[in-house]
Amino acid sequence: MPPDPLSAASSAPLAATPTGGDGDGSTAAPAAVEEEVLILRISLGEEVVGEVLTRFRFDAARPYEVLLTFHLGRPDEADWVFSRELLRDGLRALSGQGDVKLWPAYCPCHGATLHLALESPHGSALLEAPRPRVQAWLDRTYALVSERQEQVCGPTDADLAALLADG
């Protein structure tokens, strides 16, 4: 079997469904926003296109990032984590460098799309998502945690120092 072009180690999973309330009538804000059924087209080579079920997840405890989980029909799943800002910018113009690049496009067959180019040591993948659905999902994340609120939720200097020390 060829190496999985989307493989990336997955950390502990985020909340799998939107949550809210605590059973006592409370209407606490959801802790996560998720898009369960988003089929992305994936380029598998010249003029060969497939589809992969993809889940976009957002956890309010980590508002600066989004998690994409690719369901590849195997017991393991391929997760990619990148900044919410990168996704926001990629819906408007070419965004990103290195392992993740995003840009808007228009396809006569599929309408407004978002292209995602992913690179890993195991290979690369080019995916296409319906831009209006991704934008609607992203808008829900900003309704949960605004860009301004996100700025005060970032890692502390101690967190960054610990991360760099583990280097």
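Look a little higher up for the structure.
All values derive from a computational prediction rather than experimental measurement.

## Looking at the overall build of the protein
Now for step 1: Helices and strands together make up the secondary structure of the protein, namely four helices and eight strands.
Now for step 2: Along its sequence from the N terminus, the protein presents helices and strands in the succession β-β-β-β-α-β-β-β-β-α-α-α.
Now for step 3: Expressed as a percentage of contacts within the protein between residues at least 6 apart in sequence, the contacts between residues at least 24 apart total 41%.
Now for step 4: Working note: accessible area of the protein is about 9700 Å², and carbon and sulfur atoms make up 56% of it.

## Topic: helix H2 (residues 131-144)
Now for step 1: Between the first and last C-alpha of H2 there are 20 Å, a value that for 14 residues agrees with the 20 Å anticipated at 1.5 Å per step.
Now for step 2: Looking at H2, one finds that the buried residues are Val134, Trp137, Leu138, Thr141, Tyr142 and Leu144. All buried residues of H2 lie within an arc of 155 degrees about the axis, which places them on one face of the element. Among the exposed residues of H2, those pointing more than 90 degrees away from its buried face are Pro132 and Ala143.

## As for the nonpolar core
Now for step 1: The biggest cluster of nonpolar side chains holds 30 residues, and the ones touching the most others in it are Leu40, Phe70, Phe82, Leu87, Leu116 and Leu127.
Now for step 2: Top contributing element to this core by residue count: H2, with five residues.

## Overview of the state of the cysteines
Now for step 1: Taken as a whole and assessed by the stated rule, the structure comprises zero disulfides.
Now for step 2: Cys107 takes part in no disulfide bond, and the closest cysteine sulfur to it belongs to Cys109, at a distance of 4.6 Å.
Now for step 3: Exposure remark for Cys109: the relative accessible area of 68% places this residue in the exposed category.

## What about the packing of aromatic side chains?
Now for step 1: Per the stated rule, a full pass over the model turns up one aromatic pair.
Now for step 2: Across from the ring centre of Tyr142, 3.8 Å away, lies the NZ or CZ of Arg84, which sits over that ring.

## Quick word on the environment of Pro130
Now for step 1: Within the fold, Pro130 resides in strand E8 (residues 123-130).
Now for step 2: Once the C-alpha coordinates of Pro130 and Ala105 are considered, the two residues, 25 residues apart in sequence, prove to be 9.8 Å apart.
Now for step 3: Other than its neighbours up to four places away in sequence, Pro130 contacts Leu38, Ile39 and Ala112.

## Quick look at the side chain of His115
Now for step 1: Summarising the element assignment, His115 is placed in strand E7 (residues 111-120).
Now for step 2: On the basis of relative accessible area, His115 is assigned to the buried category, the value being 17%.
Now for step 3: Residue contacts for His115: discarding those within four places in its chain leaves Lys101, Leu102, Trp103, Ala105, Leu126, Leu127 and Glu128.

Rules used throughout
Residues numbered from 1 in each chain as written. Predicted model: local features only at pLDDT ≥ 70, side-chain atom pairs only at ≥ 80, totals over all residues. Heavy atoms only, no water. Helix = DSSP H or I, 4+ residues; strand = E, 2+ residues; numbered from the N terminus. Contact = heavy atoms within 4.5 Å. Areas by Shrake-Rupley, 256 points an atom, 1.4 Å probe, with all protein chains shown as cover. Expected span 1.5 Å × (residues − 1). Buried < 20%, exposed > 50% of the residue type's maximum accessible area, 1.4 Å probe, protein only. Arc of directions from axis to C-beta. Core = buried A, V, L, I, M, F, W, Y, C linked by side-chain atoms within 4.5 Å. Disulfide = S-S within 2.5 Å. Phe/Tyr/Trp six-rings, centres within 6.5 Å; stacked < 30°, edge-to-face > 60°. Lys NZ or Arg CZ within 6 Å of the ring centre and 35° of its normal.

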